[in-house]
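# Examining the three-dimensional arrangement
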Amino acid sequence: MNWHRLSIETVFELMGSAPQGLSSLQAEEKLLDQGPNQLEEGKQKTAIGILLAQFKDVMILILLAAAVISAVIGEATDTLVIIIIVFLNALIGFFQEYRAEKAMQALKQMSITQAKTMRNGVVTWLPATELVPGDIVLLEAGNAVPADIRIIDSVSLKIEEAALTGESMAVDKIAATLETEELPLGDRLNMAFKGTYVTYGRGSGIVIATGMQTELGRIAKMLQEEEVQTPLQQRMASFGKKLSVIVLILCLLFLLVGWLRGEGLLKMIMTSISLAVAAIPEALPAVITISLALAAKRLVQYNSLIRKLPAVETLGSVTYICTDKTGTLTKNKMHVEQVYVNDHLYDRNELAEVQHQKNVSLLLHAFALNNDTLSDGDSMVGDSTEIALMEVSNEHYIRPAVWPRLSEIAFDADRKLMTTFHEHNGKIIAFTKGAPDMLLTRCENVDAAAIHQQVNGMAARGLRVLGFAYRYWEEVPINPNSDHHEKEMHFLGLAGMIDPPREEVYGAVAQCKTAGIVPVMITGDHPLTAQTIARRIGIVSSDHDLVISGRQLSALDHAAFAEKVEQIKVYARVSPEQKLQIVKMLQEKGHYVAMTGDGVNDAPSLKRANIGIAMGITGTDVSKEAAHMILLDDNFSTIVKAIKEGRRIYDNILKFIKYLMTTNSGELWTLLMGPVLGMPITLLPIHILWINLVSDGLPAIALSFEKAEKNIMHRPPRPPQQTVFADGQGAHMIWVGMLMAAVALSMQAWAIAEGLHWQTMVFNVLCLSQMAHVVAIRSQHQSVFRIGLFSNPLLMASVLLTLLLQWAVTYLPLLQTVFATQALDLREFIIVGAASTIVFIGVELEKMIMRRKKHL
């Protein structure tokens, strides 16, 4: 219902209430019918439920099955190692998900404990949860609004609604009925909403909605929507399912063929387990999590705090950034840009040349004197509009102290004016400021049409315009009033101000466009102001870029919005539901969306976005809990830096997926082709686990420290539907895996023929080939000698540590027993080392061919 359009009498009638409030009996009946004034939580995930969900992955189930079979046939070491891996991965996943379940709790904490209300004609304090529709609530400065309320009376009542509307300035509240049918929350001046705060004045109102029926309750319902998976989660889920199917088919086929050929069933079961363990990259989930955690730590240096680890990688796939305007793109500080005085429009920097002209000097004094700003050392405290005016007067050395204030008529939302009286040189002068349309009706000898034209021109440029006038008096008025003391004034001039863009935003927006990312502004501000800022910083840069208001968006059906959504660059005066609608529509179009926000109204869209980014300075606890990432400096350019880091880490994730899967491919080919060629089974399950965890794990983590490629912000984001096998990754995994297997099998055949320690030699050649491979794939195109062999010292350190561990497994008697290895003599050792360089040479040749093709 549009409560703002109804008269107070109609509201009382509909609510069954009266100015003296409800009776206790009425309130009890309504409480039983409506329920308590509190937010309800959706179905909560339990800790045990979250933990068990970690074991649903098909690859994990295959590993658990392998562990059970190993236990049954007496391979206790293999069983223990596999179970430890599975539970470590599950615990990592559990802690990440468990931390993400707090947004509703933060929202509930915004509920107020006590409310001052009228019951049985008596003012009383009640728990806010006991409020019901029809209750009369009394509001004063410092109070939180306990429910959705229709204002009955207002005495200079101002309410800060930034958490709900995104509008940073407190709103003047009135009791009068509003005529417009569909109004955004920020324009419903006769309404107060649950979760907002009274900053000034006092008033009263009648409760029209409680609990989940309030605007805050509607947001709580939207917060219960499911989050979407990150690009990597989607790609890895798809990859895991496909790999699991291939593994099961290969194992069953291998088992069946071997059994039909007369091999022992137990031997074939063990070999099949080896195949399953070889094919599944056990280290991958842990390596990804550790790499993301390291990247999250690095992002703190860029003023980005990561709350949910997958967000690091999501940054690299973002195609749209939907950003708030105030404080993120702009300075969150009003700034006077133009002044109209003596029938001339001046830019701020031109005032110095004319400041000694009579009306210019008087106007600058009006800026300083009709002003409640307080000085606090080097800074000023007060309303942002008044601080902006005071800054201009300070630039011209205006000193308010020599014009003492004697009296005033305070501002109110009905007449939209403020007047102050001052003494100077034995005269009494009154300065009045306010809305130009209200001011001009009280001025004499003024060309109102010409001034209105100036006001409209300044407003069209997105400026907020204030008018100024003055009048001399014979004496200080006693109990001044508007009807007598705000008329027959002399018009002085106009001040046009705006919250200007941050200096660094211009470059950040340009960098977004170069990187193929579309920046979109979503704001609670007026469309003209939003469009002005968007044009200045480059978000709106052509005639095809659209600016749309919340009301216009409501008029579009699903099909019409789907057709226009990629052309719309600015959304103004939108509701929380519409923010969520924008995110969902862009996602329907196949985009990965980053959404910034600071208010409670932003929480549903932050949660739904592929990456929700909350403001660290101005953000509410609710928005921070719903977000994936928090900007510690509330700065748009920080998002762009974080995206660059996200692309770097995603590139590196692809590198270690390539590294791990190539190794697994090599192991698979070695295990499959050995028996086919009439040779013994090459590796034991414990060898494969060692290669997949230790030899794979350390260098893979070190790969996450690789520096960004030079063109990282000059290429479009990776298409959301692109798999981890795209761009030749899959082909590389297969052919290099086959090369590794060919080297290992050749080594096996030769070593058997020579009577050498063939199994230990094959085990070592696969491990050392991996080290050669990880060094070679540090760059997708550049030679490792071009980027510098030691430019990633951590990687080289991890390679050396892995080689040392491999030496220990080969030569230490205690580990020889566990890993069934034998010490290699010098000849065997040199042959293994030489054979392992073949993979390095092969990959370097592949990159050289790719570079030549690119230049052709």
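All values reported here derive from a predicted model rather than from experimental measurement. (Residues numbered from 1 in each chain as written. Predicted model: local features only at pLDDT ≥ 70, side-chain atom pairs only at ≥ 80, totals over all residues. Heavy atoms only, no water.)

So, on to the overall build of the protein. In terms of helices and strands, the protein carries 33 helices and 24 strands. Its C-alpha atoms give the protein principal-axis dimensions of roughly 120 × 70 × 50 Å. Per-residue burial for the protein yields a buried fraction of 55% across its 856 residues. Entry remark: accessible area of the protein is about 36600 Å², with carbon and sulfur atoms responsible for 59%. (Helix = DSSP H or I, 4+ residues; strand = E, 2+ residues; numbered from the N terminus. Buried < 20%, exposed > 50% of the residue type's maximum accessible area, 1.4 Å probe, protein only. Areas by Shrake-Rupley, 256 points an atom, 1.4 Å probe, with all protein chains shown as cover.)

With that out of the way, let us pick up the side chain of Glu 645. Tracing the backbone through its elements, the reader meets Glu 645 in helix 26 (residues 636-676). A relative accessible area of 4% places Glu 645 in the buried class. Aside from chain neighbours lying at most four places away, what touches Glu 645 is Arg 298, Leu 299 and Tyr 302. (Contact = heavy atoms within 4.5 Å.)

Let us now look at the packing of aromatic side chains. On inspection of all chains with the given rule, the structure shows seven aromatic pairs. Taking the centre distance of 5.9 Å and the plane angle of 80 degrees together, the rings of Tyr 470 and Tyr 472 count as edge-to-face. For Tyr 472, a relative accessible area of 43% gives the class partly exposed. Judged by centre distance (6.0 Å) and plane angle (80 degrees), the rings of Phe 785 and Phe 840 are edge-to-face. (Phe/Tyr/Trp six-rings, centres within 6.5 Å; stacked < 30°, edge-to-face > 60°.)

Spatially, 11-10-18-17-16-15-14 is the arrangement adopted by the seven strands of the open sheet, whose pairing is antiparallel. For this open sheet the edge positions go to strand 11 (344-347) and strand 14 (405-409), each flanked by a neighbour on one side alone. Adjacent strand axes in the sheet meet at a mean angle of 25 degrees when their direction is disregarded. For strand 16 (residues 427-434) and strand 17 (residues 464-473), the ladder comprises seven bridges, and the chain directions are antiparallel. Residue pairing across strands places Thr 432 opposite Ala 469, the latter belonging to strand 17. Across the face of the sheet, helix 17 (residues 448-460) comes into contact with strand 10 (335-341), strand 11, strand 17 and strand 18 (490-498) while running at roughly 10 degrees to strand 18. (Pairing = 2+ DSSP bridges. Axes fitted to C-alpha atoms, helices over the stretch in contact; angles between N-to-C directions.)

Its location among the elements puts Gln 770 in helix 29 (residues 758-776). Note on Gln 770: relative accessible area 0%, which makes it buried. Side chain to side chain, Gln 770 and Thr 663 meet in a polar contact 3.3 Å long. (Polar contact = N/O pair within 3.5 Å; in protein donor to acceptor, adjacent residues only side chain to side chain.)

Moving on: the sheet that holds strand 9 (residues 320-323). The eight strands lie next to each other as 8-24-23-22-9-19-21-20, forming an open sheet whose pairing is mixed. Each edge of the open sheet is held by one strand with a lone partner, namely strand 8 (304-306) and strand 20 (546-549). Averaged over all adjacent pairs, the angle separating strand axes in this sheet is 20 degrees, with direction ignored. Relative to strand 21 (residues 568-572), strand 19 (residues 518-523) runs parallel, the two sharing three bridges. Among the inter-strand pairings, Ile 522 is bridged to a residue of strand 21, identified as Tyr 571. Each of strand 9, strand 19, strand 21 and strand 22 (593-597) is contacted by helix 23 (residues 576-588), which is oriented at about 165 degrees to strand 22, the strand it contacts most.

For the coordinates displayed, the defined rule picks out 30 salt bridges. Arg 119 is the salt-bridge partner of Asp 135, the closest N and O atoms lying 2.8 Å from each other. Of this pair, Asp 135 sits in the loop between strand 2 (122-127) and strand 3 (136-140) while Arg 119 sits in strand 1 (residues 114-119), and the two are 16 residues apart along the sequence. Each member of the pair, Asp 135 together with Arg 119, is buried. Arg 536 is paired through a salt bridge with Glu 337; the nearest N and O atoms lie 2.6 Å apart. Pair noted here: Arg 536 is in helix 20 (residues 527-537) and Glu 337 is in strand 10, with a separation of 199 residues, a long-range link. Connected through salt bridges with shared partners, the residues Asp 412, Arg 415, Arg 442 and Glu 486 form a single ionic network. (Salt bridge = Lys/Arg side-chain N within 4 Å of Asp/Glu carboxyl O.)

All right, on to helix 19 (residues 505-514) then. Within helix 19, the full set of buried residues consists of Val 505, Ala 508, Val 509 and Cys 512. Down the axis of helix 19, the smallest arc covering the buried residues is 100 degrees, so these residues share one side. Each element contacted by the buried residues of helix 19 is listed here: strand 9, strand 19, helix 20 and helix 26. (Arc of directions from axis to C-beta.)

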